[in-house]
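# A structural walkthrough
Here is how the chains run, residue by residue.
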There are 2 protein chains.
Amino acid sequence: MQVKQCFVSAPGKSILHGEHAVVHGKVALAVSLNLRTYLRLLSTTSGEVTINLPNIDTFLTWDVTELQPLLSDLTGEDDSVDNDLDLNLVKKLREFTGIAEGSTDTRSMAVLAFLYIYLSVFSDLLPSLSVCVWSELPTVCVSLQLCFQPENKSPPLTPSSSSKNTARLELINKWFPRGEDISTGTRSGVDNAVGSGVRLVPTLRILLSNTKVPRSTKVLVSGVKDKINKYPSIITPVLESVDAVSKTCEQTLAEMATDGTSAKHYSILEDLIDINQHHLNVMGVGHPSLDTLCRVTLAHGLHSKLTGAGGGGCGITLLRPETEPSVVRAAVQELKEAGFDCWETSLGGPGVLMHSPNSIPQNTLSILNSY
Amino acid sequence: MQVKQCFVSAPGKSILHGEHAVVHGKVALAVSLNLRTYLRLLSTTSGEVTINLPNIDTFLTWDVTELQPLLSDLTGEDDSVDNDLDLNLVKKLREFTGIAEGSTDTRSMAVLAFLYIYLSVFSDLLPSLSVCVWSELPTVCVSLQLCFQPENKSPPLTPSSSSKNTARLELINKWFPRGEDISTGTRSGVDNAVGSGVRLVPTLRILLSNTKVPRSTKVLVSGVKDKINKYPSIITPVLESVDAVSKTCEQTLAEMATDGTSAKHYSILEDLIDINQHHLNVMGVGHPSLDTLCRVTLAHGLHSKLTGAGGGGCGITLLRPETEPSVVRAAVQELKEAGFDCWETSLGGPGVLMHSPNSIPQNTLSILNSY
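Keep in mind that this is a model prediction, so the values were computed, not measured.

### Details of the overall build of chain A
Regarding its fold elements, chain A presents 13 helices and 10 strands. Among the 371 residues that make up chain A, the fraction classed as buried is 54%. Residue pairs in contact within chain A that sit at least 24 positions apart in sequence constitute 77% of those at least 6 positions apart. With an accessible surface of roughly 15,400 Å², chain A has 51% of that area assigned to carbon and sulfur atoms.

Here's what the structure looks like:
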């Protein structure tokens, strides 16, 4: 019997090292973050496409017939996914949705990314479906999960076999950057590698802090570019150093995953966090709020760096296995007083998972099923 | 008529960029600091050598005949000054003065440096003399001024002609590192270039802050070495970047000195200060007190970095020509509340000067003459 709905979850991602440097051809190290985003995909016969994003109060429905004319611009060639973003389709979608050129707020981006991928994946015949996404993270990521549908142009019937899963992971790697291209104006090559969760890393306790300082990734990325152009002899070696930080970290994590963790390993991870945070400041993507994060946590013996674009946004703080809960509580208390949101979570958890309903946290399942 | 005394002053030095990197073969940029150290050298017939260092309450006298036996260890070869520090003589001097191996406090270092250079310079027949040094800086520098005496083995008779001055400047460059070798365990090659004041730089307003956090240059230098050994692929590019910072700054200063200063120049100088401060943090020679300096001054739109060994010690803050006195006052007030001492002064002033008594500030002259 054909199952009419499926549940998928994907880990958040945290860039441990190499954010920004990756844009300039350097290695970046991104690992899964155990704050997951859940998706329910429901095959319907309504003739409508519905997207429900309760995290950002976005609930939209289109008639499939409205969307069909937008397909005329697609080449339909299968290998087109390896090419650059189809800017013509993005333009058409902005016109169709009424989202102004230059609008890069989360809602606009989510809607554009959803429609872009929906149209690209189902390029022959558009199916009726209802999608609901709920994230434990304060951001949503709708593009990844949609990538599960390109083969048979219909929702998957049962949780996949492992060979089917492999094929799907490849598809994620092929498609996932699309969602990001639209919002950052550049493709980092980081996000898909994380989403598929292929990297072997030990589980690392961390604190994720949201400084709540808003920033534009696009502006920050272009600021780094400007700095490289202004001071090439100064910034180029810094990117090389960041590259070496990522590689040293990767090697250390591999050792930890293979041989078990030791205080020596953690000491190296802490050194690398400190070094890279300084490098990110050199690139101009630091922020006083991130300095506060580093200062407050260091006063408790903990090491922090920004993660992602910087200029505010989120930071991660490494916790050692032996770090006392009272130390974490004290640090969190001070960070909250500084106006930040904090989550104690971990890095290195599972990648994309197919779920049966009973393997989903009850409150998450309730939310997904209520739309 | 032979003048029995002479007055000399030397500027302080401030390392603008390249501290630590210079130890590893990179360029450093040091400029004169307009807080001067004055020396009175008095030729006597007492058969004694007296050193008066009122800044550090050090007043010592030796019979020349006591010192004479120490000369037996000197080679007497003129080119010996190009060789490394004579560790055997340092050992003998520690025994003679009773300064324990490993004592590196300012008084011990000043006494050792004075005697080392006195014996090395007057290597045939030791003259009777009385030296008084008074500094506007909270440190003393006795070694530089003594270097004025090696030619005729007697105090200079009159303020020198310019050709004589040139010869003396060369001698300073030859001898000055000696005083530093003893205390840092390494020769940076920076200090003599500054002392001679040959570099053409514009006058730059600065704030010099003493965090009053004590540190050992030797320990800091060796910490950087350890870090390079532990993370060669990460730290080597950082040293390259610091090298480029020094060179970019040197070029910018030359442009400012030649073409006049502009806001664009100051903006570059500020960028370089910020970048290098982050690099120094990467090398592990930062300190929370220096972070405070940077944070407090930046809140007033001013950019700071450590100067010298780091790990506490002193920092400099660049002031623009148009920086309002009220802004400086507000910053100084907050820095004093953080426990720092501050001096508003300038970089790029004159190098070593010979003085007639009436070209010396009256209160300084009184101090020099009172010993």
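Now that the structure is up, let's keep going.
### As for the relation of the copies chain B and chain A
Overlay of chain B on chain A (RMSD 0.1 Å): rotation 180°, translation along the axis 0.1 Å. The two molecules are tied by a two-fold rotation axis, judged by turn and shift.

### What about the pairing of strand 8 (residues 314-318) of chain A?
Residues and elements named next belong to chain A. Within strand 8, 4 of the 5 residues are buried, which leaves it mostly tucked inside the rest of the structure. Where strand 6 (residues 204-210) meets strand 8, 5 bridges bridge the pair, whose relative direction is antiparallel. Each residue of the ladder has a partner; that of isoleucine 206, found in strand 8, is leucine 318. As judged from the 5 bridges shared by strand 7 (residues 303-307) and strand 8, these two strands associate in the antiparallel manner.

### Regarding the UniProt feature "domain: GHMP kinase C-terminal" (unreviewed entry) in chain A
Under the UniProt annotation, "domain: GHMP kinase C-terminal" (unreviewed entry) lies at residues 266-334 of chain A. What you have in residues 266-334 of chain A is 55% helix and 14% strand, and the ends, taken at the C-alpha atoms, are 24 Å apart.

### Some thoughts on the packing of helix 8 (residues 217-230) of chain A against helix 9 (residues 232-259) of chain A
All names here are of chain A. Put simply, helix 8 and helix 9 touch, their axes get as near as 6 Å, and they point 125° apart. Put simply, helix 8 runs oblique to helix 9. Contact residues: helix 8 offers Lys227, Ile228, Asn229 and Lys230, while helix 9 offers Pro232, Ile235 and Leu239.

### Description of the packing of aromatic side chains
Two measures describe an aromatic ring pair: the distance that separates the ring centres and the angle between the ring planes. All names here are of chain A. Under the definition given, this model contains 8 aromatic pairs over all chains. With 5.3 Å between their ring centres and 55° between their planes, tyrosine 118 and phenylalanine 122 make a pair best called tilted. We classify tyrosine 118 as buried; its relative accessible area is 0%. Residue classification places phenylalanine 122 among the buried residues on the basis of a relative accessible area of 1%. Feature note: the residues Trp62, Phe114, Tyr118 and Phe122 constitute an aromatic cluster, connected by ring pairs.

### Notes on the pattern of salt bridges
Close approach of charged atoms allows side chains with opposite charge to pair. All names here are of chain A. Tallied over the entire structure, the rule returns 16 salt bridges over all chains. One salt bridge in this structure joins lysine 305 and glutamate 19, with 3.0 Å as the shortest N-O distance. Of this pair, lysine 305 sits in strand 7 while glutamate 19 is found in the loop between strand 1 (5-17) and strand 2 (29-43), placing the two residues 286 residues apart along the sequence. A residue is classified by how much of its surface remains accessible, and glutamate 19, at 2% relative accessible area, is buried. Connected through salt bridges with shared partners, the residues Glu270, Arg320 and Glu322 form a single ionic network.

### Concerning unusual backbone geometry
Even without being a glycine, A:Lys212 presents a positive backbone phi close to 65°. Within the element layout of this structure, A:Lys212 appears in the loop between strand 6 and helix 8. Owing to a relative accessible area of 47%, A:Lys212 belongs among the partly exposed residues under this scheme. For B:Asp57, which is not a glycine, the phi torsion comes out positive at approximately 50°. Assignment of secondary structure puts B:Asp57 in the loop between strand 3 (48-53) and strand 4 (58-63). In this structure B:Asp57 comes out as exposed when scored by relative accessible area, which is 52%.

### Describing helix 3 (residues 106-121) of chain A
Taking 1.5 Å per residue, 16 residues should reach 22 Å; helix 3 of chain A reaches 22 Å between its end C-alpha atoms and fits that length. In terms of residue burial, helix 3 of chain A counts as a mostly covered element, since 14 of its 16 residues are buried.

### Overview of the domain arrangement of chain A
All names here are of chain A. By the assigned domains, chain A splits into domain 1 (5-197 + 350-369) and domain 2 (204-347). Between domain 1 and domain 2, the residue contacts involve 26 residues of the former and 36 residues of the latter. Buried surface at the junction of domain 1 and domain 2, both sides included, amounts to about 2,500 Å², of which 70% is carbon and sulfur. Sorting the residues of domain 1 by area buried against domain 2 places His17, His20 and His24 first, and these three jointly supply 26% of that buried surface. For the interface between domain 1 and domain 2, the tally reads 1 salt bridge. In this structure, the connection of domain 1 to domain 2 is made through 11 residue pairs in polar contact (both at pLDDT 80 or more). Listed by contribution, the elements that provide at least two residues to the side of domain 1 that touches domain 2 are strand 1, strand 2 and helix 6 (177-184). Counting residues per element, the side of domain 1 that touches domain 2 draws most heavily on strand 2, which supplies 6 residues. Each residue belonging to the side of domain 1 that touches domain 2 can be placed in one class, and the counts come to 12 nonpolar, 11 polar and 3 charged.

Rules used throughout
- Residues numbered from 1 in each chain as written.
- Chains lettered and ligands numbered in written order.
- Predicted model: local features only at pLDDT ≥ 70, side-chain atom pairs only at ≥ 80, totals over all residues.
- Heavy atoms only, no water.
- Helix = DSSP H or I, 4+ residues; strand = E, 2+ residues; numbered from the N terminus.
- Buried < 20%, exposed > 50% of the residue type's maximum accessible area, 1.4 Å probe, protein only.
- Contact = heavy atoms within 4.5 Å.
- Areas by Shrake-Rupley, 256 points an atom, 1.4 Å probe, with all protein chains shown as cover.
- Least-squares fit on C-alpha atoms with pLDDT ≥ 70 in both.
- Pairing = 2+ DSSP bridges.
- UniProt positions renumbered as here; feature names shortened; annotations may be inferred.
- Axes fitted to C-alpha atoms, helices over the stretch in contact; angles between N-to-C directions.
- Parallel < 35°, antiparallel > 145°, perpendicular 65-115°, else oblique.
- Phe/Tyr/Trp six-rings, centres within 6.5 Å; stacked < 30°, edge-to-face > 60°.
- Salt bridge = Lys/Arg side-chain N within 4 Å of Asp/Glu carboxyl O.
- Expected span 1.5 Å × (residues − 1).
- Domains from an automatic or database assignment.
- Buried area = accessible area lost by both parts, 1.4 Å probe.
- Polar contact = N/O pair within 3.5 Å; in protein donor to acceptor, adjacent residues only side chain to side chain.
- Nonpolar A, V, L, I, M, F, W, Y, C, P; charged D, E, K, R; others polar.

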